[in-house]
Amino acid sequence: MTELATKLDFLMLEMFIFFEKVFANSLKTKEKKEEKYMRPTVVFEELMIQFDRVISKTHRSKYTQFLIFYFCSRDILFAQTFLMHLHESLEDKTNHFIHRMTMASYIASFVARCKVLRQQDIIASFSHLVGWLHQYLEDFKALHGEEGVPTIDVHSIFYVVCQSMMYFVCYHHELLILPPLDIAKEINISSERCGFLRDCHFSTLLGPPFHPLQVCLPDVVEEFEKVAKPLGLLPPQPCIVSQSLRNAQNIRIQLRGDGSAAVINGTESLVEVYFPFDPYLLKNSSSYITPYFREWTPIGGDDEDDNDEDDESEEQSEDEDEEDD
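Residues numbered from 1 in each chain as written. Predicted model: local features only at pLDDT ≥ 70, side-chain atom pairs only at ≥ 80, totals over all residues. Heavy atoms only, no water.

Any chance you could explain the overall build of the protein chain here in plain terms?
The number of helices and strands found in the protein chain is 13 helices and two strands. Here the protein chain holds 325 residues, and the buried ones make up 49% of them. Pairs at least 24 apart in sequence give 74% of the contacts found in the protein chain among residues at least 6 apart. Taken as a whole, the protein chain presents about 16,600 Å² of accessible surface, with 51% of it coming from carbon and sulfur. (Helix = DSSP H or I, 4+ residues; strand = E, 2+ residues; numbered from the N terminus. Buried < 20%, exposed > 50% of the residue type's maximum accessible area, 1.4 Å probe, protein only. Contact = heavy atoms within 4.5 Å. Areas by Shrake-Rupley, 256 points an atom, 1.4 Å probe, with all protein chains shown as cover.)

Rendered as structure tokens:
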């Protein structure tokens, strides 16, 4: 690792050790007034403040987001509160659309990777995303009619949320296909368990006018289709893609430092976001994350393990070359 990555690794380790002391302190029957800062709820509130002010607004933040990941992993109530906050931030139209897109990526990545979340939490979060997408589609059609043609730069938030929904399916397809009956009843979804994903009406979301399968990250789309195609969740007919979407297939949206979307070569571009809780590669502090971190399992037992290892190796190299926050 580079010198900068080594320093970050050390700082993360020190923070995790401090968090351990915080949770150990919470087991005491009495707390002194001067030790208020050692209470888990106080530390969590401060972490949430810093997440909103700094971490979530740092483009492609490296590793510091795992501070809140670890803290949430130690207490299910913190994890649920954080996830609820992410959904509220996504749905809050007063937030900048770049921030809302970032929240969608955090939702997908957090639910995919965090082991402590309950099945109820996972399915309810997924249902929220699907409901948001359907409402967005209804609003678009009400405003522009059935023949309206969206542009990627204006509606990039739809594509990012749709991409997050597909990422969701890649990690939790088995649970989403067969949610336990008691959970289905608790969150008011269809009692016919195998029909839950079909009840989401993916073909409506994935077809016209947005055609997200043509715009979202190819790797995510490819894995999603491995689940969706056998279940008959894809649009029934080949999509007729507008020329503006065809032009977008060779370039991607980039985000400027000021949080605005850049249009490359004067053309709309593919949606590209990162998933903030991708594998944690800082060696000395990783032992605090590993027990709570869900690894990727290839769908259908394909021979993609080697590819995943190559991807992680490439990411490690990038981490050594890039500056960390």
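What's the story with the confidence of the model for the protein chain in this structure? I'm lost.
In the predicted model, the protein chain carries a mean pLDDT of 80, and 72% of its residues have values of at least 70. In this model residues 187–194 is a low-confidence stretch, pLDDT under 50, and it forms 18 contacts with partners more than four residues away in sequence or in other chains. Residue range residues 303–310 is modelled with pLDDT below 50. Its contacts to residues more than four positions away, or to other chains, number six contacts. (pLDDT = per-residue confidence, 0-100.)

What should I look at first to understand the nonpolar core in this one?
Proteins that are soluble and globular tend to have nonpolar side chains buried together. Counting residues in each nonpolar core, the largest one holds 94 residues, and the members touching the most others are Phe110, Phe126, Met165, Phe202 and Phe224. The element contributing the most residues to this core is helix H7 (residues 156–177), with 16 residues. Apart from residues lying up to four places away in sequence, Phe202 is in contact with Phe126, Val130, Met165, Val169, Leu197 and Leu233. (Core = buried A, V, L, I, M, F, W, Y, C linked by side-chain atoms within 4.5 Å.)

Explanation requested: unusual backbone geometry in the structure shown.
Cis geometry is found at the peptide bond from Pro208 to Pro209, where omega equals 5°. Structurally, Pro209 can be placed in the loop between helix H10 (202–206) and helix H11 (218–228). If you check the backbone angles, His201 has positive phi at about 55° while not being a glycine. The topology assignment puts His201 in the loop between helix H9 (196–199) and H10. In this structure, His211 is a non-glycine residue whose phi angle is positive, near 50°.

Help me understand the environment of Ser127, please; the structure alone is not making it clear to me.
Among the secondary structure elements, Ser127 is positioned in helix H6 (residues 119–144). For the pair formed by Ser127 and Met165, sequence separation is 38 residues and the distance between their alpha carbons is 9.4 Å.

Looking at this structure, how should I read helix H5 (residues 97–113)?
Since the α-helix packs 3.6 residues into each turn, any two residues three or four apart lie on the same face. For H5, with 17 residues, the first-to-last C-alpha span of 24 Å sits near the 24 Å given by 1.5 Å per residue. In terms of residue burial, H5 counts as a mostly covered element, since 16 of its 17 residues are buried. (Expected span 1.5 Å × (residues − 1).)

How should I be thinking about the pattern of salt bridges in this particular structure?
Opposite charge on two side chains makes pairing possible when the charged atoms of those side chains draw close. Evaluation of the coordinates by the stated rule reveals five salt bridges. Glu146 is the salt-bridge partner of Lys141, the closest N and O atoms lying 3.8 Å from each other. By relative accessible area, Glu146 is classed as exposed at 60%. Of the charged contacts in the structure, one is a salt bridge between Glu223 and Lys226, with a shortest N-O distance of 3.1 Å. (Salt bridge = Lys/Arg side-chain N within 4 Å of Asp/Glu carboxyl O.)

Mind showing me how you'd approach the packing of H5 against H7 here?
The axes of two packed helices give the description: the angle between them and the distance between them. Where H5 meets H7, the axes come as close as 9 Å, and the angle between the chain directions of the two elements is 0°. When the axis of H5 is compared with that of H7, the two are roughly parallel. Contacts between H5 and H7 pair Phe97, Arg100, Met101, Ala104, Ser105, Ile107, Ala108, Ser109, Val111, Ala112 and Arg113 from the former with Ser156, Ile157, Val160, Val161, Ser164, Tyr167, Phe168, Tyr171 and His172 from the latter. Residue classes in the contact of H5 with H7 are distributed as 13 nonpolar, five polar and two charged. (Axes fitted to C-alpha atoms, helices over the stretch in contact; angles between N-to-C directions. Parallel < 35°, antiparallel > 145°, perpendicular 65-115°, else oblique. Nonpolar A, V, L, I, M, F, W, Y, C, P; charged D, E, K, R; others polar.)

Could you clarify how one ought to interpret H7 in this entry?
Of all the bends found along H7, the most pronounced is centred on Tyr171 and spans about 80°. Buried residues dominate H7, accounting for 21 of its 22 residues. (Bend = angle between axes of the 7 residues up to and from the residue.)

What's the story with the environment of Glu46 in this structure? I'm lost.
Mapped onto the elements of the fold, Glu46 is located in helix H2 (residues 40–53). Of the polar contacts made by the side chain of Glu46, one reaches the side chain of Gln50; its length is 2.8 Å. (Polar contact = N/O pair within 3.5 Å; in protein donor to acceptor, adjacent residues only side chain to side chain.)

Would you mind showing me how to read the state of the cysteines here?
Should the sulfur atoms of two cysteines be covalently bonded, the bond is a disulfide. A full pass over the atoms with the stated rule returns zero disulfides. Here Cys216 is not disulfide-linked; the sulfur of Cys162 is the nearest cysteine sulfur, at 5.3 Å. Judged by its relative accessible area of 2%, Cys216 is buried. (Disulfide = S-S within 2.5 Å.)

Got a minute to help me understand the side chain of Ser109 in this structure?
The topology assignment puts Ser109 in helix H5. Excluding its chain neighbours within four sequence positions, the residues that come into contact with Ser109 are Tyr167, Phe275, Pro276, Phe277 and Asp278.

What exactly am I supposed to notice about the environment of Met15 here?
Its location among the elements puts Met15 in helix H1 (residues 3–26). For Met15, a relative accessible area of 32% corresponds to the partly exposed category.

It is not clear to me how the packing of helix H4 (residues 76–91) against H6 should be interpreted in this structure. Could you clarify?
Contact geometry for H4 and H6: axes closest at 12 Å, N-to-C directions at 0°. When the axes of H4 and H6 are compared, the pair comes out roughly parallel. Together, Ile76, Gln80, Leu83, His87, Leu90 and Glu91 of H4 and Asp121, Ser125, His128, Leu129 and Trp132 of H6 make up the contact between the two elements. Here the residues of the contact of H4 with H6 are counted per class, giving five nonpolar, four polar and two charged.

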